Amino acid sequence: MVFADADLGVGPTASAVLSANEGLLARAAEAAGFSGKSRAVLDLVAPAGLDLDRLIVVGLGKAEALGDLGETDWMMLGGAVMGALGSSKAVEIVMETSEGALAPELSAAFAMGAKLRAYVFDRYKTKSDDDDKSGAEAKKLTLAVADTKAAKKAWAQADAVSDGTVLARDLVNEPANVLTTVEFAKRAEALEKLGVEVEVLDEKAMKKLKMGALLGVAQGSETPPRLVVMRWNGGKKDADPVAFVGKGVVFDTGGISIKPAGGMEEMKGDMGGAAAVTGLMHALAARKAKVNAVGVIGLVENMPDGKAQRPGDIVTAMSGATIEIINTDAEGRLVLADALWYTQERFKPAFMINLATLTGAILIALGHQHAGVFSNNDELVERLAEAGKATEEKVWRLPLGKEYDKLIDTPNADMKNTGGRTAGSITAAQFLQRFVNDVPWVHIDVAGMAMSSAKTEISKGWASGFGVRLLDRLVRDHYEG
Ligand code: BES
Ligand code: MN
Ligand code: ZN
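Because the structure is a prediction, the values reported are computed rather than measured.

Peer 1: Outline the site of ligand 1, listing residues and values.
Peer 2: Taken together, 17 residues lie near ligand 1, and Lys259, Asp270, Asp329, Glu331 and Gly360 sit nearest. A distance of 3.4 Å separates a nitrogen atom of ligand 1 from a polar backbone atom of Thr357. Interatomic distance of 2.7 Å between a backbone N/O atom of Gly360 and an oxygen atom of ligand 1. Considering ligand 1 on its own, with 520 Å² of exposed area, one finds that the protein chains cover 77% of that surface. Of the residues belonging to the shell around ligand 1, the class tally is five nonpolar, five polar and seven charged.

Have a look at this one:
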């Protein structure tokens, strides 16, 4: 991404193009059925009578005025434009509206949209795919702006968040034979170069802490468990940190309660929560956020072998609570039980937000359009919902309550790890709530959002990096300074 001065003479300005070509635009729009619907694209290649190779018109929808469009709108426009660029290699875009120069933050948001749309995961392709040039990764995008210095400054912030999102996507995309628990921990350790303090707890350390719930999941795998603690101290010295906790099941076979074969490959993405936490810590550190933040990820692999845990086993969590394992495929909540307890006990955080690809049931309820959220704190979850609207990483609250909580009672232990066929996402959340104490807390079930997610202007689908922009926004709006 390059920002250049607007007066470098990169073609006619938007207003000049518009006023000189109303007839052409109207005819093209009519022929293509383009009505200016939000983010729709009208692509005119080599328009006659214009000194341009390409004129891309993007719909703004029903915005009353250009000023109504915020950062996320401009980000989505950047994505839509990048999606329309096809095989063009170097592109120059003048960031100017009919009302004058675009604010630096909005230019940066546009650039972020373009960068995220260009993302492809092609690390394992040994030959380039000629017919897929939608991955505009090889493009050089020059944005001509009024104030280069201000735009570069805004871009440094936006790019930190873009890079965090890309990191989360990469982690989700990596196959489990590469991204083992140990390798994931290494990638988290790489955040040290941004000033993040990273600690990696191994099996021995977790045994000492009596993390029987997490360790029970890990015991059927050759890949050893890890708990990674990432700390970014950008806030006041004695301010309580905000804490983010992620489910990091690098592969979920289901364990002894093994999953059906069809689609099981998708379970390489069962660490999407941990990926989002890692991506968020990257974003906060890279943009030097004025906040103290802790990221904790529980890394395990859920495999069936001779040492694997069985249905009927009873394990003791770090909190001291005993858990009867009914289904070894309900493993994420076991990992989080210890990660959440550890986080609140050690850090006494101002709040704790966990992200997890926790239940298939959340996909049935909310599809790929909203993540499900559960909370013990109205203010926190409302702030999160606001951040969701602002970033278009949307969340929808579902209920918690005593009547659901009792569904995970069992005569054999303090609780069981599944609640039966109905309300599966809620009983999973009730389980987590038993390990958060009184800390303000939100659980975000990202099973429908982190992976196999819908195509959008800024994502070609599957790994979306969901959660990084959302939580960065929450922090930026309420917990900095
Ligand atoms: N990782 C899965 C949830 C999941 C399913 C994520 C589909 C993404 C897409 C989780 O560990 C799981 O297996 N949950 C079970 C719980 C059940 C055994 C109570 C489920 O949702 O079926
Ligand atoms: Mn599972
Ligand atoms: Zn899982």
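Peer 1: Requested: an account of the packing of aromatic side chains, with residues and values cited.
Peer 2: Summed over all chains, the structure comprises five aromatic pairs. Seen from their ring centres, Phe121 and Tyr124 are 5.9 Å apart, and the 55° between their planes marks the pair as tilted. By relative accessible area, Phe121 is classed as partly exposed at 25%. The class for Tyr124 is partly exposed, based on a relative accessible area of 45%. Between the aromatic rings of Phe351 and Tyr479, the centroid separation amounts to 4.9 Å while the plane-to-plane angle is 70°, which identifies the pairing as edge-to-face.

Peer 1: Now, about the coordination of the manganese ion (ligand 2): what can you tell me, with residues and values included?
Peer 2: Every protein donor of the manganese ion (ligand 2) is listed here as Asp252 (OD), Asp329 (O), Asp329 (OD) and Glu331 (OE), and their distances to the metal cover 2.0 to 2.2 Å. Each donor residue of the manganese ion (ligand 2) belongs to the same chain, and together they define the spacing D-x76-D-x1-E. For Asp329, a relative accessible area of 23% translates into the label partly exposed.

Peer 1: How would you summarise helix H15 (residues 468–478) if you had to cite specific residues and measurements?
Peer 2: Burial runs high along H15: eight of the 11 residues are buried. Every buried residue of H15 is accounted for by Val468, Arg469, Leu470, Leu471, Asp472, Arg473, Leu474 and Val475.

Peer 1: So what about the coordination of the zinc ion (ligand 3)? Which residues, and what values?
Peer 2: Coordination of the zinc ion (ligand 3) by the protein involves Lys247 (NZ), Asp252 (OD), Asp270 (OD) and Glu331 (OE), with metal-donor separations of 2.0 to 2.4 Å. Coordination at the zinc ion (ligand 3) comes from six donor atoms whose angles at the metal span 77 to 174°, giving a geometry best classed as octahedral. In the primary sequence, the donor residues of the zinc ion (ligand 3) line up as K-x4-D-x17-D-x60-E. Between the zinc ion (ligand 3) and the manganese ion (ligand 2), a separation of 3.2 Å is found, and both are coordinated by Asp252. Of this pair, Asp252 sits in strand E10 (residues 242–252) while Asp270 sits in the loop between E10 and helix H9 (272–286); the two residues are 18 residues apart in sequence, bridging distant segments of the chain. Overall, the relative accessible area of 3% leaves Asp252 in the buried class.

Peer 1: Talk me through the sheet that holds strand E18 (residues 441–445); I want residue IDs and the actual numbers.
Peer 2: The sheet built from eight strands is open, its strands ordered E8-E9-E11-E10-E14-E18-E15-E16 with mixed pairing. Where the open sheet ends on each side, the last strands, each with one partner, are strand E8 (197–201) and strand E16 (395–397). Within the sheet, the average angular offset between the axes of one strand and its neighbour, ignoring direction, is 20°. Here eight bridges tie strand E9 (residues 226–233) to strand E11 (residues 292–302), and the two strands are oriented antiparallel to one another.

Peer 1: Before we move on, can you summarise the sheet that holds strand E7 (residues 140–145) with the specific residues and values?
Peer 2: As summarised here, the arrangement of the three strands in space is E1-E7-E4, forming an open sheet in which the pairing is parallel. Across the chains shown, the open sheet's two edge strands, defined by having one partner strand only, are strand E1 (2–5) and strand E4 (90–94). When strand polarity is set aside, the average angle formed by the axes of neighbouring strands in this sheet is 25°. Strand direction decides the pairing type here: E4 and E7, joined by five bridges, are parallel. Counted as the bridge partner of Glu92 is Thr142 from E7. Strand contacts of helix H4 (residues 104–118): E1, E4 and E7, with the helix running at about 170° to E7, the strand carrying the most contacts.

Peer 1: Please set out the side chain of Ser425 residue by residue, giving values where relevant.
Peer 2: With respect to the helices, strands and loops of the structure, Ser425 is situated in helix H14 (residues 424–433). Residue Ser425 is classed as buried on the basis of its relative accessible area, which comes to 6%. Within polar-contact distance, the side chain of Ser425 engages the backbone nitrogen of Ile362 at 3.0 Å. With sequence-adjacent residues up to four places away left out, Ser425 is seen in contact with Thr359, Ala361, Ile362, Phe374 and Asp445.

Peer 1: Quick one: what's the story with the nonpolar core, residue by residue and with numbers?
Peer 2: Among the nonpolar cores identified, the biggest contains 96 residues, and Met230, Phe244, Ile353 and Ile444 are the most heavily contacted of them. When residues no more than four places from it in sequence are discounted, the contact partners of Ile444 are Ile353, Asn354, Leu355, Ala356, Ala371, Gly372, Val373, Leu384, Phe466, Leu470 and Leu471. Formed by 43 residues, the second largest nonpolar core is a distinct cluster that contains Met206, Ala317, Ile323 and Phe431.

Peer 1: Any chance you could break down the packing of helix H10 (residues 332–347) against H14 for me, citing the residues and the numbers?
Peer 2: For the pair H10 and H14, the least separation of the axes is 9 Å and the interaxial angle reads 25°. With respect to H14, the axis of H10 lies roughly parallel. H10 and H14 meet at a crossing whose hand is right-handed. Across the interface between the two elements, Arg333, Leu334, Leu336, Ala337 and Leu340 from H10 touch Ala428, Phe431 and Leu432 from H14. A per-class count over the contact of H10 with H14 returns seven nonpolar, no polar and one charged.

What counts and how
Residue indices begin from 1 for each chain and proceed along its sequence in written order. Here the convention is simple: chains get letters from A, ligands get numbers from 1, in the order in which they are written. In keeping with the model being predicted, local features are shown solely for residues with a pLDDT of at least 70 and side-chain atom pairs are shown and tallied solely at 80 or more, while totals for entire chains, interfaces and linings include all residues. Processing note: side-chain calculations cover all non-hydrogen atoms of the structure and skip hydrogens and water entirely. Being near a molecule or strand, for a residue, comes down to having at least one heavy atom within 4 Å of it. Two N or O atoms count as a polar contact when they lie within 3.5 Å, although within protein this holds only if one can serve as hydrogen donor and the other as acceptor, and sequence-adjacent residues are included solely when both atoms are side-chain atoms. Residue exposure ignores everything except the shown protein chains as possible cover, and the areas themselves are Shrake-Rupley values with a 1.4 Å probe. As a working rule, the residues Ala, Val, Leu, Ile, Met, Phe, Trp, Tyr, Cys and Pro are called nonpolar, Asp, Glu, Lys and Arg charged, and the rest polar, with Gly in that last group. Each Phe, Tyr or Trp ring (for Trp, its six-membered ring) is paired with any other whose centre lies within 6.5 Å, and the angle between the two planes then decides the class: stacked below 30 degrees, edge-to-face above 60, tilted in between. Buried, partly exposed and exposed residues are distinguished by accessible area as a fraction of the type maximum, computed with a 1.4 Å probe on protein chains only: under 20%, between the cut-offs, and over 50%, respectively. Coordinating N, O and S atoms are those within 2.8 Å of the metal (3.2 Å for Na, K and Ca), and as water is not part of the atoms, a site may appear to have fewer donors than expected. Here a helix means four or more residues in a row that DSSP labels H or I, a strand means two or more in a row labelled E, and each is numbered from the N terminus. Geometry assignment treats four donors as tetrahedral when all angles are between 85 and 135 degrees, treats four as square planar and six as octahedral when opposite donors are over 155 degrees apart and all others between 65 and 115, and treats everything else as irregular. Paired strands, as defined in this entry, are two strands with at least two bridges between them according to DSSP. Angles shown run from 0 to 180 degrees and are taken between the N-to-C directions of axes, each axis being a line fitted to C-alpha atoms and, for helices, limited to the stretch in contact. By definition, residues are in contact when any of their heavy atoms lie within 4.5 Å. Residues belong to a common nonpolar core when they are buried Ala, Val, Leu, Ile, Met, Phe, Trp, Tyr or Cys residues joined through side-chain atoms within 4.5 Å. Each angle receives one of four descriptions, namely roughly parallel if under 35 degrees, roughly antiparallel if over 145, roughly perpendicular if within 65 to 115, and oblique otherwise. Working rule for handedness: look at the near helix, and if it is turned counterclockwise from the far one by less than a right angle, call the crossing left-handed; if clockwise, right-handed.

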